[in-house]
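Summary of structural features
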Amino acid sequence: MSNLQHIYKSIGHLPKPIRAVTKVLGNIYFGWRGYPMAGALSGCRMQGQMNRVHLEGLYEPKVSQTIEQLVKPGWVCADLGANLGYFTLLLAKQVGRHGRVIAFEAHPDNVKQIAANVRLNSFESWVNIENLAIADGSNSVVQLFPGRLYSSFNGTEPSHCEWNIVGHDVEGNLTQAAFEVPATSLDAYFPPNSRLDFIKIDIEGAESQALPGMRRLLREAKPFVLIEFHGEKGWASRHELLNADYCLYDIEQAQWLPSDSDNPVYQCLALPKSRLSEVVDWPPQT
């Protein structure tokens, strides 16, 4: 049970009107001070559009588990599609103050929220936040598109976690561009011979652009890559990893993938064959 659940349980025996007021005041306080997190982010706090899944440490558990098991102190990590900073904080917690995390996020409002969450946890000295879309490097500016619309107190508004540069939502419905954002590729951002140990990629279909834009890094730095594939085009981009001599592991089904597999996988860990000796205990025993 999370710290927040303990608090709400403790007021559960109060009269209903007092419970309602207490909960509203509690949400205002935690919205300002940050909600205490559980699970992989236990000991951390976050502001923003947190829901019960986030607070209880149940958000994308396989991704969290993989990061906890693989990312080591002192590593250099990149978080592509950092959103509100959930995995940025987890990576920062794993690498510690002798490591480094670079969080890439295209939407400026999300960037402000990441910065607030990094400050809440005093991770500023080893976390850099970049308001950039990551693509193939062919354009310095790209259009940013909303994802699905959700009901809110203000009517309907796009989800903060589904903004993308591919022009459609996760169900394939075309959307209208909202504004332009600066863009780069990882090969352009990281100079030759840079250290990069781990990359998390969740960019709503733009992995088909980001992977070609990191060809040098894949062959030179050989980072572990934890990636979400979206749609046929996204899944087809796995060949960038295979061509760089990576092997693929389906973290949801807990199985290695044949190099010629055509069955799309959603969440995948890509490991360079030359670094497999570093993960002799992978996959973990459950």
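For the structure itself, look to the data block above.
The following paragraphs examine the structure supplied in this document. Predicted model only: the values in this text are computed from it and were never measured.

With that settled, consider the sheet that holds strand β10 (residues 179–184). Strand pairing in a sheet is mediated by backbone hydrogen bonds. Such pairs are either parallel or antiparallel. The strand order β6-β10-β7 describes an open sheet built from three strands, whose pairing is mixed. Two strands lie at the open edges of the sheet, namely β6 (133–134) and β7 (141–144), each paired on one side alone. Relative to β10, β7 is paired through four bridges, and the arrangement is antiparallel. Across the sheet, residue glutamine 143 finds its bridge partner in β10, namely glutamate 180.

It is worth spelling out the pattern of salt bridges at this point. Under the criterion given, the structure shown has seven salt bridges. Aspartate 79 is paired through a salt bridge with lysine 200; the nearest N and O atoms lie 2.7 Å apart. Of this pair, aspartate 79 sits in strand β3 (residues 76–80) while lysine 200 is found in strand β11 (residues 198–201), placing the two residues 121 residues apart along the sequence. Close ionic contact of arginine 275 with glutamate 278 constitutes a salt bridge, the shortest N to O distance being 2.9 Å. Overall, arginine 275 belongs to the buried group, its relative accessible area being 8%. With a relative accessible area of 42%, glutamate 278 lands in the partly exposed category.

Applying the stated criterion to the full structure yields 10 aromatic pairs. When the centroid spacing of 5.1 Å and the interplanar angle of 80 degrees are considered together, the rings of tyrosine 86 and phenylalanine 87 count as edge-to-face. By relative accessible area, which is 5% here, phenylalanine 87 ends up buried. An angle of 85 degrees between the planes, with centres 5.1 Å apart, marks the rings of phenylalanine 229 and tryptophan 235 as edge-to-face. As far as the burial class goes, phenylalanine 229 and tryptophan 235 line up, both buried.

This paragraph deals with the sheet that holds strand β14 (residues 255–256). Within the open sheet, the eight strands sit side by side as β5-β4-β3-β11-β12-β15-β13-β14. Their pairing is mixed. Strand pairing shows two members of the sheet lacking a second neighbour, β5 (127–130) and β14, which therefore form its edges. Across four bridges, β11 lies against strand β12 (residues 224–228) in parallel orientation. Bridge pairing links phenylalanine 198 to phenylalanine 224 in β12.

Thresholds applied
The residue numbers shown here count from 1 along each chain, following its written sequence. Local features in this predicted model are restricted to residues whose pLDDT is 70 or higher, and side-chain atom pairs enter the listing and the counts only when it is 80 or higher, whereas totals over whole chains, interfaces and linings include all residues. Here the side-chain values reflect all heavy atoms present in the structure, with hydrogen atoms and water set aside. DSSP bridges decide pairing: two strands pair if at least two such bridges lie between them. Helical segments are the DSSP runs of H or I of at least four residues, strand segments are the runs of E of at least two, and each set is numbered from the N terminus. Only one rule defines a salt bridge in this text: a Lys or Arg side-chain nitrogen within 4 Å of an Asp or Glu carboxyl oxygen. Remark: exposure states derive from per-residue accessible area (1.4 Å probe, protein chains only) relative to the maximum for the residue type, with buried under 20%, exposed over 50%, and partly exposed in between. Stacked, edge-to-face and tilted labels apply to pairs of Phe, Tyr and Trp rings (six-membered ring for Trp) whose centres lie within 6.5 Å, assigned for plane angles under 30 degrees, over 60, and everything in between, in that order.

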